[in-house]
Every structure is written in C-alpha cells, then in structure tokens.
Amino acid sequence: MPDHSPVPGEVLDRISIARQPIVNAERSVLAYELFNRSAVASGHSQASDVALALHAVAQSAAPFATSNHDIFIHSVHKGLAGPQWDFLTPAKTVIEIAPAPQHAADFIASQVPALVALKSRGFRLAFKHSVVAPVYKPWQALADFVKLNASSTDVQQYKPLVAAARQRTPASLIAEKVEDSPQFEAMRALGVEEFQGYWFSIPETVQSKVLSPSQASAIQLFKLVQAEASLDEVETVLKKDAALGVSLLRIINSASSGMRQKVTSIRQAIMLLGYGRLVRWAAMLLTNTHAHTNIQGTAAVVRGRMMELLAQYSMDAEEAGAAFLVGLLSQIDTLLGQPMEDLVQQLALDDAVSHALLTGDGKFGALLALVCACESDDEAAFSVAFSRLPYSLRHINMAHMEALVWADSLSE
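Only a predicted model underlies this, so the values are computations on that prediction, with no experimental measurement involved.

Peer 1: Help me get a handle on helix α9 (residues 242-252), residues and values and all.
Peer 2: Among the eleven residues in α9, eleven count as buried, and that is most of the element. Among all positions of α9, only A242, A243, L244, G245, V246, S247, L248, L249, R250, I251 and I252 are buried. In this structure D241 caps α9, since a side-chain oxygen of it lies 3.0 Å from the backbone nitrogen of A243.

See below:
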C-alpha cells in the first residue's frame, strides 16, 4: 500500500470538544454539557456552535458518545433558527440560551418565536439565573432548566433567586461551577438537585480530525439541492469530495439521526436523508469549508471512482456503487486519525463493504488491492491482484485515467 502520511504543510481541521457531566446529589450522571474547546473557538459564534453540533452528531456513536444521555449544547441567539437542530434528537437535547445583550426588553421579546418553535419541536431550554428578572418574563414559562453559578463567594445570596425561579418558572435548577464540598452542600440545602463543576468532574476532552469540504463543492451541493436537481447531479458532487461523502455517511448512521441503516452507496445515502434534510445539512456545511480540496481526500475519490469503473465491467449497478464506497473509505482511518474498526462501526456500512475495509478480502477487497497496487507501482502486488480479476490491462489503464479526469472536473 502506498504511503498516505500527511503532505508537509497540509493541515487537516481539528476540533476539540469537551464534555462535562451534570449529576444528581448521588453523583449519577443525568446529562453532559458539550463545549467547543478548539483554538479557533475563542468565543461563541454561530459558526462555532454549528461546528459543535456537527461534531456531536458525527461522534454520537463513537467512544466519546453522548447517545445514552441528554446533551446540553450552547446556541448564540442568531443560531436559534439554524439548520443544526434538524440533526439533533429533540428529546435528548437541551439548548442553552445566553442572556440578552444589555438585558434589552425588545431583544428578549424578539427571540420568543424562535424559542417557542424549538420548544414545540421537543427541545428543552436552559437559561442563566438572570432569567428570573422581571424583564425576562417572556422567557420564564419556556425555561426547563435554570443554572446558578455556585462559585460565588456567598452562595446564600442565591436563596432569593432560588425562590424566584421556583415561583416564576417551571424549571429544574442546576448549580454549575461547583468546586468544593461547601458549595455543593450549600446549594443542596437550598433545594438544588442537579450539579455540575470541577468538584464532580473536570471536562473530558477529545480532539478529532474533521474533514471539511471545499468551498466549491459545498456551494455547488447547496445550489443543486435548493434547485431540486436530479439525483445523478447531487450524487456526482457528493462523490467528488471525500469530506462531503464521509460526512453524509456519518450523518445517516449517527445515533442521534435515528436513521441507522446499512448503506451500500452514496446514492442510497442521499435517498435515505432526502432532499429536505440534505439542503439543511448543506447549509450547515457552508460555515465549515476549506478554500481548496484536501489532497488526501482527492486521492480517496480517485480510488473510489477507479474501483467503480472497473466494477461496472463485471458487477451490477448496486455493486459498483458499493465498490466506490470501499475505495472512498479505504483511507478514512488516515484521514480522521482513528482506527478503521471504530470508524466502520460508526458508519454501519453494508456487510460486504465493511468486510473489504477491515480484512481486504472478498470481491471488493480484491478490487481494492488491484487499485492500491496501481497507485504504488508495486509490480509484484499488481501481478497477484491482476491474476485474481477478469480485467485487461487496457481496462485498468482506462479506468485509472478516467478516474483522474473525473475527480479533477468538479468545477466544470
């Protein structure tokens, strides 16, 4: 197999996500709050919140899973009507809302429709303790949680706030930033039943590589699905950008999407998601793109297309689509920096596709070995692979050249 180590000067996106448990008085975990701890996320923005949501969906079936607990996830006010909520499970998601700028009454009133819309979809809302102030009356009945900052020097000052929260909202109370036993005991004495802070657990952080699509492909996808273009056109754009194809598969098979199904091809994944959700997902991706296509991603696309073209000589259309998927995903462990076994489990791929990726065996495994041998100029490996398959040298050379041209034609 050829060397797929990163090209010097080429840096894949990384996103650092921390999760911190929210517990009851017995320290049983009730939920996790997710934080975007990436270096670029020095403050909350709509883009960073969308990136956090995308990551939460993609990782929901991974070792850093949150699928068995509720998640608390922050949203800036502009993001309350964003597309990211279509990909999170409402019944398992609590949206944290920041106080209004300068606690302005007009601004508070302007956010009510978006908050009501989220509530009507089944999301729950969490607010800081300032929500008990009279100016926040339009938000108070919408509160499912109110957070109290326990790091104050005098926790007893929260006694009137607790009383106000119980009188003015239907919310459960959470003491956050609990750093020692006296703070915990004081908050519990006030009747608070849920807690969060370093005294229970420091945030657990995972840093993952994130494949970001090129700007050109993300924009083209968005335009096509908005215009309800043909399935063939949409499939082509998704197949020509490895980041788009991989991201689609992770969305389809995430625990939070509720659609975990065995997938045999990019076309099938598009049909499972549907154009309605596809256009909202494309809108999310527009906030997280590269100016240029990743070199390793392009190599994966070429490999997938070459496998697909060769498969068309000896297999049916469905199997050819699966062959493309094997080629596209054959470098995903290098691209994302995770073991292939973990990634295959997350994606819940068709058994034949998974088998080829994990063992290199089967009809797709033999085809993958041939394509890899072509890439590496390994004559011995090529000879072995060539002898196992019914292709002529002309078939192989034509497929390789056509795959290179096809992958380079995104802008056409």
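Peer 1: Could you give an account of unusual backbone geometry, naming the residues involved and the relevant values?
Peer 2: Backbone geometry places K177, a non-glycine residue, at a positive phi of 60°. One can find K177 in the loop between β7 (172-176) and α6 (181-189). Overall, K177 belongs to the partly exposed group, its relative accessible area being 42%.

Peer 1: Now, about the confidence of the model for the protein chain: what can you tell me, with residues and values included?
Peer 2: For the protein chain, the mean per-residue pLDDT works out to 82, and 83% of the residues sit at or above 70. Confidence over residues 1-12 falls short of pLDDT 50; this stretch has 22 contacts with residues more than four positions distant or in other chains.

Peer 1: So what's going on with the environment of L358? Residues and values would help.
Peer 2: Locating L358 in the fold gives a position in helix α15 (residues 351-359). Residue classification places L358 among the partly exposed positions, given a relative accessible area of 41%.

Peer 1: Provide a residue-level description of helix α8 (residues 231-239), including the pertinent values.
Peer 2: Of all the residues in α8, the buried ones are V234, E235, V237, L238 and K239. Elements that come into contact with the buried residues of α8 comprise α7 (215-226), α9, α10 (266-285), α11 (295-314), α12 (317-329) and α18 (393-407).

Peer 1: Please give an account of the environment of Y391 that cites residues and values.
Peer 2: Structurally, the position occupied by Y391 is in the loop between α17 (379-387) and α18. We classify Y391 as buried; its relative accessible area is 5%. In this structure the side chain of Y391 is engaged in a polar contact, spanning 3.2 Å, whose partner is the backbone oxygen of L310.

Peer 1: Provide a residue-level description of the packing of aromatic side chains, including the pertinent values.
Peer 2: Across all of its chains, the model carries twelve aromatic pairs by this definition. Both rings, one in Y136 and one in W139, keep their centres 5.2 Å apart while their planes meet at 55°; by these two values the pair is tilted. W139 sits in the buried class, given a relative accessible area of 1%. Within the aromatic cluster, the residues linked to one another by ring pairs are F184, F195, W199 and F200. The side chain of R19 reaches across the aromatic face of Y32, ending 4.1 Å from its centre. Here R27 stacks its cationic end above the ring of W199, 4.5 Å away from the centre of that ring.

Peer 1: Can you tell me about the nonpolar core, naming the residues and giving the values?
Peer 2: Ranked by internal contacts, the top residues of the largest apolar core, which has 72 residues, are L221, L238, L248, W281, L310, L329 and L367. For L329, the residues in contact, after removing those within four places along its chain, are V246, L249, M340, L347, L349 and L357. In this structure, V162, A165, L190 and V192 belong to the second largest nonpolar core, which totals 42 residues.

Peer 1: Could you give me a rundown of the packing of α12 against helix α16 (residues 362-376), with the residues and numbers involved?
Peer 2: Helix-helix packing: each pair is described by the crossing angle between the helix axes and the interaxial distance. For the pair α12 and α16, interaxial distance at closest approach is 10 Å and the crossing angle is 55°. Overall, the two elements α12 and α16 adopt an arrangement that is oblique. The interaxial crossing formed by α12 with α16 has right-handed handedness. Here α12 contributes E319, A322, A323 and V326 to the contact with α16, which in turn contributes K363, F364, L367 and L368.

Peer 1: Give me the lowdown on the side chain of D70, citing residues and values where you can.
Peer 2: Structurally, D70 is set in strand β3 (residues 70-75). The buried category is assigned to D70, whose relative accessible area is 17%. Within the structure, the side chain of D70 is placed 3.0 Å from the side chain of R124, a separation counted as a polar contact. Dropping the residues within four chain positions of it, D70 is found in contact with L30, A31, Y32, A91, K92 and R124.

Calculation notes
Residues numbered from 1 in each chain as written. Predicted model: local features only at pLDDT ≥ 70, side-chain atom pairs only at ≥ 80, totals over all residues. Heavy atoms only, no water. Buried < 20%, exposed > 50% of the residue type's maximum accessible area, 1.4 Å probe, protein only. Helix = DSSP H or I, 4+ residues; strand = E, 2+ residues; numbered from the N terminus. Polar contact = N/O pair within 3.5 Å; in protein donor to acceptor, adjacent residues only side chain to side chain. pLDDT = per-residue confidence, 0-100. Contact = heavy atoms within 4.5 Å. Phe/Tyr/Trp six-rings, centres within 6.5 Å; stacked < 30°, edge-to-face > 60°. Lys NZ or Arg CZ within 6 Å of the ring centre and 35° of its normal. Core = buried A, V, L, I, M, F, W, Y, C linked by side-chain atoms within 4.5 Å. Axes fitted to C-alpha atoms, helices over the stretch in contact; angles between N-to-C directions. Parallel < 35°, antiparallel > 145°, perpendicular 65-115°, else oblique. Left-handed = near helix turned anticlockwise from the far one by under 90°.

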